[in-house]
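Next come the chains, spelled out residue by residue.
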Amino acid sequence: MRRGFKAEAKRLALELRAELGLDADCPFDPYAFADEYGIRVVRLSELDGPGRDYFLKRDGSALSGALIPIVTGVAILENDAQPDVRRRTTMSHELAHVVLEHEFGVSLADERKCGLGGAQEEEADWLSGELLIPYDGALRLARANATDADAAGVFQVSLAVARWRMNHSGARTVVERTRSKWNGARR
Ligand SMILES: [Zn+2]
(Lines give C-alpha, C1' and ligand atoms only; values in the text may rest on other atoms or scores of the structure.)
Protein backbone atom coordinates (compact mmCIF):
# COMPACT_ATOMS: atom_id res chain seq x y z
CA MET A 1 0.00 0.00 0.00
CA ARG A 2 1.21 3.49 -0.86
CA ARG A 3 2.87 5.37 2.00
CA GLY A 4 0.39 7.68 3.71
CA PHE A 5 -2.62 5.98 2.20
CA LYS A 6 -4.00 4.74 5.52
CA ALA A 7 -4.00 8.24 7.02
CA GLU A 8 -5.62 9.57 3.85
CA ALA A 9 -8.30 6.87 3.90
CA LYS A 10 -9.07 7.65 7.55
CA ARG A 11 -9.73 11.32 6.69
CA LEU A 12 -11.52 10.60 3.43
CA ALA A 13 -13.90 8.10 5.04
CA LEU A 14 -14.89 10.65 7.70
CA GLU A 15 -15.47 13.29 5.02
CA LEU A 16 -17.56 10.96 2.88
CA ARG A 17 -19.59 9.90 5.91
CA ALA A 18 -20.10 13.53 6.93
CA GLU A 19 -21.55 14.29 3.50
CA LEU A 20 -24.29 11.80 4.31
CA GLY A 21 -24.75 13.28 7.78
CA LEU A 22 -23.09 10.25 9.41
CA ASP A 23 -20.61 10.53 12.27
CA ALA A 24 -17.91 7.97 13.12
CA ASP A 25 -20.13 5.97 15.46
CA CYS A 26 -23.03 4.84 13.30
CA PRO A 27 -23.37 2.29 10.51
CA PHE A 28 -22.37 3.36 7.01
CA ASP A 29 -25.15 3.51 4.42
CA PRO A 30 -23.65 2.46 1.06
CA TYR A 31 -27.01 2.75 -0.69
CA ALA A 32 -27.50 6.38 0.37
CA PHE A 33 -23.93 7.02 -0.70
CA ALA A 34 -24.48 5.51 -4.17
CA ASP A 35 -27.65 7.54 -4.47
CA GLU A 36 -25.90 10.77 -3.46
CA TYR A 37 -23.18 10.22 -6.06
CA GLY A 38 -25.52 9.08 -8.81
CA ILE A 39 -24.02 5.60 -8.92
CA ARG A 40 -26.58 3.15 -10.19
CA VAL A 41 -27.00 -0.06 -8.24
CA VAL A 42 -28.24 -3.06 -10.19
CA ARG A 43 -29.44 -6.04 -8.20
CA LEU A 44 -28.91 -9.48 -9.66
CA SER A 45 -32.49 -10.44 -8.79
CA GLU A 46 -33.68 -7.69 -11.14
CA LEU A 47 -31.85 -9.21 -14.08
CA ASP A 48 -33.27 -11.72 -16.52
CA GLY A 49 -31.45 -14.32 -18.52
CA PRO A 50 -29.56 -17.54 -18.00
CA GLY A 51 -26.65 -15.96 -16.12
CA ARG A 52 -28.84 -14.77 -13.28
CA ASP A 53 -29.37 -18.03 -11.41
CA TYR A 54 -25.70 -18.83 -11.68
CA PHE A 55 -24.74 -15.53 -10.04
CA LEU A 56 -27.43 -15.76 -7.40
CA LYS A 57 -25.93 -18.66 -5.48
CA ARG A 58 -26.33 -17.73 -1.84
CA ASP A 59 -23.03 -19.26 -0.74
CA GLY A 60 -21.26 -16.43 -2.51
CA SER A 61 -19.02 -18.76 -4.47
CA ALA A 62 -19.96 -17.06 -7.72
CA LEU A 63 -20.24 -13.31 -7.32
CA SER A 64 -20.85 -10.74 -4.58
CA GLY A 65 -20.56 -7.58 -6.60
CA ALA A 66 -18.97 -6.00 -9.62
CA LEU A 67 -18.40 -2.62 -11.19
CA ILE A 68 -19.82 -2.43 -14.67
CA PRO A 69 -19.26 0.38 -17.16
CA ILE A 70 -22.42 2.11 -18.36
CA VAL A 71 -22.94 5.07 -20.68
CA THR A 72 -23.08 7.61 -17.85
CA GLY A 73 -20.16 6.18 -15.88
CA VAL A 74 -20.27 3.16 -13.69
CA ALA A 75 -22.89 0.97 -12.05
CA ILE A 76 -22.53 -1.52 -9.24
CA LEU A 77 -23.93 -4.96 -9.79
CA GLU A 78 -24.69 -6.58 -6.45
CA ASN A 79 -25.76 -10.04 -5.42
CA ASP A 80 -28.82 -9.34 -3.30
CA ALA A 81 -29.25 -13.01 -2.40
CA GLN A 82 -26.47 -12.64 0.14
CA PRO A 83 -27.01 -11.59 3.78
CA ASP A 84 -27.37 -7.83 4.43
CA VAL A 85 -24.09 -7.44 6.30
CA ARG A 86 -22.26 -9.09 3.41
CA ARG A 87 -24.01 -6.87 0.88
CA ARG A 88 -23.05 -3.75 2.82
CA THR A 89 -19.38 -4.81 2.76
CA THR A 90 -19.52 -5.65 -0.94
CA MET A 91 -21.16 -2.31 -1.74
CA SER A 92 -18.62 -0.39 0.33
CA HIS A 93 -15.76 -2.18 -1.39
CA GLU A 94 -17.07 -1.36 -4.85
CA LEU A 95 -17.83 2.25 -3.85
CA ALA A 96 -14.25 2.57 -2.60
CA HIS A 97 -12.99 1.60 -6.05
CA VAL A 98 -15.25 4.28 -7.58
CA VAL A 99 -14.17 6.97 -5.10
CA LEU A 100 -10.50 6.12 -5.67
CA GLU A 101 -11.09 6.18 -9.43
CA HIS A 102 -9.79 2.69 -9.99
CA GLU A 103 -10.25 0.77 -13.21
CA PHE A 104 -13.51 -1.06 -13.35
CA GLY A 105 -14.81 -4.25 -14.83
CA VAL A 106 -13.82 -6.18 -11.75
CA SER A 107 -15.88 -8.59 -9.73
CA LEU A 108 -15.91 -9.37 -6.05
CA ALA A 109 -16.14 -12.99 -5.01
CA ASP A 110 -14.47 -13.03 -1.63
CA GLU A 111 -15.99 -10.77 1.06
CA ARG A 112 -13.10 -8.34 0.95
CA LYS A 113 -11.31 -8.95 -2.35
CA CYS A 114 -12.09 -8.75 -6.01
CA GLY A 115 -10.08 -9.76 -9.02
CA LEU A 116 -8.25 -6.47 -9.47
CA GLY A 117 -5.30 -7.40 -7.29
CA GLY A 118 -2.33 -5.35 -6.23
CA ALA A 119 -2.36 -1.86 -4.79
CA GLN A 120 -5.85 -0.90 -6.03
CA GLU A 121 -7.32 -3.90 -4.26
CA GLU A 122 -5.53 -3.14 -1.01
CA GLU A 123 -6.60 0.50 -1.16
CA ALA A 124 -10.26 -0.35 -1.83
CA ASP A 125 -10.18 -2.90 0.97
CA TRP A 126 -8.72 -0.42 3.42
CA LEU A 127 -11.00 2.49 2.48
CA SER A 128 -14.08 0.28 2.64
CA GLY A 129 -12.98 -0.75 6.15
CA GLU A 130 -12.72 2.90 7.19
CA LEU A 131 -16.16 3.58 5.72
CA LEU A 132 -17.74 0.61 7.50
CA ILE A 133 -15.98 1.14 10.86
CA PRO A 134 -14.03 4.41 11.01
CA TYR A 135 -10.90 4.42 13.15
CA ASP A 136 -12.43 6.98 15.55
CA GLY A 137 -15.47 4.78 16.08
CA ALA A 138 -13.28 1.70 16.57
CA LEU A 139 -11.19 3.61 19.10
CA ARG A 140 -14.24 4.58 21.16
CA LEU A 141 -15.41 0.98 21.14
CA ALA A 142 -11.95 -0.27 22.13
CA ARG A 143 -11.91 2.17 25.07
CA ALA A 144 -15.28 0.79 26.16
CA ASN A 145 -13.86 -2.77 25.95
CA ALA A 146 -16.32 -3.68 23.20
CA THR A 147 -16.12 -7.21 21.80
CA ASP A 148 -15.96 -7.98 18.08
CA ALA A 149 -19.64 -8.96 18.31
CA ASP A 150 -20.48 -5.57 19.88
CA ALA A 151 -18.68 -3.79 17.03
CA ALA A 152 -20.45 -5.96 14.43
CA GLY A 153 -23.79 -5.04 15.99
CA VAL A 154 -23.11 -1.31 16.24
CA PHE A 155 -21.82 -0.98 12.68
CA GLN A 156 -23.96 -3.70 11.05
CA VAL A 157 -21.06 -5.67 9.61
CA SER A 158 -20.08 -9.34 9.75
CA LEU A 159 -18.12 -10.62 12.74
CA ALA A 160 -15.10 -11.14 10.46
CA VAL A 161 -15.13 -7.52 9.30
CA ALA A 162 -15.62 -6.26 12.87
CA ARG A 163 -12.68 -8.36 14.09
CA TRP A 164 -10.50 -7.13 11.23
CA ARG A 165 -11.26 -3.47 11.95
CA MET A 166 -10.97 -3.70 15.75
CA ASN A 167 -7.61 -5.49 15.51
CA HIS A 168 -6.02 -3.95 12.43
CA SER A 169 -7.23 -0.35 12.46
CA GLY A 170 -4.86 0.15 15.38
CA ALA A 171 -7.70 1.04 17.78
CA ARG A 172 -7.17 -1.79 20.29
CA THR A 173 -3.39 -1.45 20.12
CA VAL A 174 -3.59 2.26 20.95
CA VAL A 175 -5.93 1.65 23.89
CA GLU A 176 -3.77 -1.21 25.25
CA ARG A 177 -0.62 0.84 24.92
CA THR A 178 -2.18 3.80 26.73
CA ARG A 179 -3.45 1.55 29.52
CA SER A 180 -0.12 -0.18 30.06
CA LYS A 181 1.58 3.20 30.22
CA TRP A 182 -0.88 4.30 32.91
CA ASN A 183 -0.43 1.10 34.84
CA GLY A 184 3.33 1.50 34.63
CA ALA A 185 3.14 5.06 35.91
CA ARG A 186 1.03 4.07 38.90
CA ARG A 187 3.49 1.45 40.11
ZN1 LIG B 1 -11.85 -4.80 -5.46
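Everything below is about the structure printed above this text.
Residues numbered from 1 in each chain as written. Predicted model: local features only at pLDDT ≥ 70, side-chain atom pairs only at ≥ 80, totals over all residues. Heavy atoms only, no water.

Q: Is there a simple way to think about the packing of helix H7 (residues 148-155) against helix H8 (residues 159-168) in this case?
A: Packing of H7 against H8 leaves a shortest axis separation of 8 Å and a crossing angle of 110°. By the angle class used here, H7 and H8 are roughly perpendicular. Every residue of H8 that contacts H7 at Asp148, Ala149, Ala151 and Ala152 is listed here: Leu159, Ala162, Arg163 and Met166. For the contact of H7 with H8, a count of residues per class yields six nonpolar, no polar and two charged. (Axes fitted to C-alpha atoms, helices over the stretch in contact; angles between N-to-C directions. Helix = DSSP H or I, 4+ residues; strand = E, 2+ residues; numbered from the N terminus. Parallel < 35°, antiparallel > 145°, perpendicular 65-115°, else oblique. Contact = heavy atoms within 4.5 Å. Nonpolar A, V, L, I, M, F, W, Y, C, P; charged D, E, K, R; others polar.)

Q: Got a minute to help me understand the pattern of salt bridges in this structure?
A: A side chain with one charge can pair with a side chain of the opposite charge if their charged atoms come near. According to the stated counting rule, one finds 10 salt bridges in the structure shown. The salt bridge partner of Arg43 is Glu46, with a shortest N-O separation of 3.7 Å. Across the pair Asp84 and Arg87 runs a salt bridge, and its minimum N-O distance is 3.6 Å. Taken together, the residues Asp84 and Arg87, both in helix H4 (residues 84-99) and three residues apart, mark about one turn of the helix. (Salt bridge = Lys/Arg side-chain N within 4 Å of Asp/Glu carboxyl O.)

Q: It is not clear to me how unusual backbone geometry should be interpreted in this structure. Could you clarify?
A: Residues other than glycine predominantly adopt negative phi, and peptide bonds predominantly adopt the trans conformation. The backbone of Asn145 shows a phi angle near 55°, a positive value even though the residue is not glycine. Classification of Asn145 as exposed rests on a relative accessible area of 54%. Of note in this structure, Gln156 is not a glycine but carries a positive phi near 55°. Inspection of the secondary structure assignment puts Gln156 in the loop between H7 and H8. Judged by relative accessible area, which is 39%, Gln156 ranks as partly exposed. (Buried < 20%, exposed > 50% of the residue type's maximum accessible area, 1.4 Å probe, protein only.)

Q: Looking at this model, I keep getting lost on the nonpolar core. Mind explaining?
A: Note that soluble globular proteins tend to have their nonpolar side chains buried in a common cluster. Counting residues in each nonpolar core, the largest one holds 39 residues, and the members touching the most others are Leu95 and Val157. Judged by nonpolar contacts, the second largest core, of six residues, contains Val42, Leu63, Ala75 and Leu77. (Core = buried A, V, L, I, M, F, W, Y, C linked by side-chain atoms within 4.5 Å.)

Q: Before we go on, may I ask you to explain the packing of aromatic side chains in this structure?
A: The relation between two aromatic rings is expressed through the spacing of the ring centres and the mutual angle of the planes. Scanning all chains against the criterion turns up three aromatic pairs. Here Phe33 and Tyr37 contribute two aromatic rings whose centre-to-centre distance is 4.5 Å and whose plane-to-plane angle is 25°, an arrangement assigned as stacked. You can call Phe33 buried: its relative accessible area is 1%. The interplanar angle of 85° and the centroid separation of 6.0 Å between the aromatic rings of Trp126 and Trp164 together place this pair among those described as edge-to-face. Highlighted residues: Trp126 in helix H5 (residues 118-132) and Trp164 in helix H8, separated in sequence by 38 residues. (Phe/Tyr/Trp six-rings, centres within 6.5 Å; stacked < 30°, edge-to-face > 60°.)

Q: I keep staring at the pairing of strand S2 (residues 65-70) and nothing clicks. Help me out?
A: Look at any regular strand and the pattern is simple: side chains alternate between the two faces of the sheet. Across six bridges, S2 lies against strand S3 (residues 73-78) in antiparallel orientation. Counted as the bridge partner of Ile68 is Ala75 from S3. Where S2 folds back onto S3 in an antiparallel hairpin, the turn is made up of two residues. (Pairing = 2+ DSSP bridges.)

Q: Just to check I follow, could you spell out H5 for this structure?
A: For H5, with 15 residues, the first-to-last C-alpha span of 21 Å sits near the 21 Å given by 1.5 Å per residue. The element H5 is largely enclosed, with a buried count of 11 among its 15 residues. Along H5, the residues classified as buried are Glu121, Glu123, Ala124, Asp125, Trp126, Leu127, Ser128, Gly129, Glu130, Leu131 and Leu132. Buried residues along H5 sit in contact with helix H1 (5-19), H4, helix H6 (135-143), H7 and H8. (Expected span 1.5 Å × (residues − 1).)

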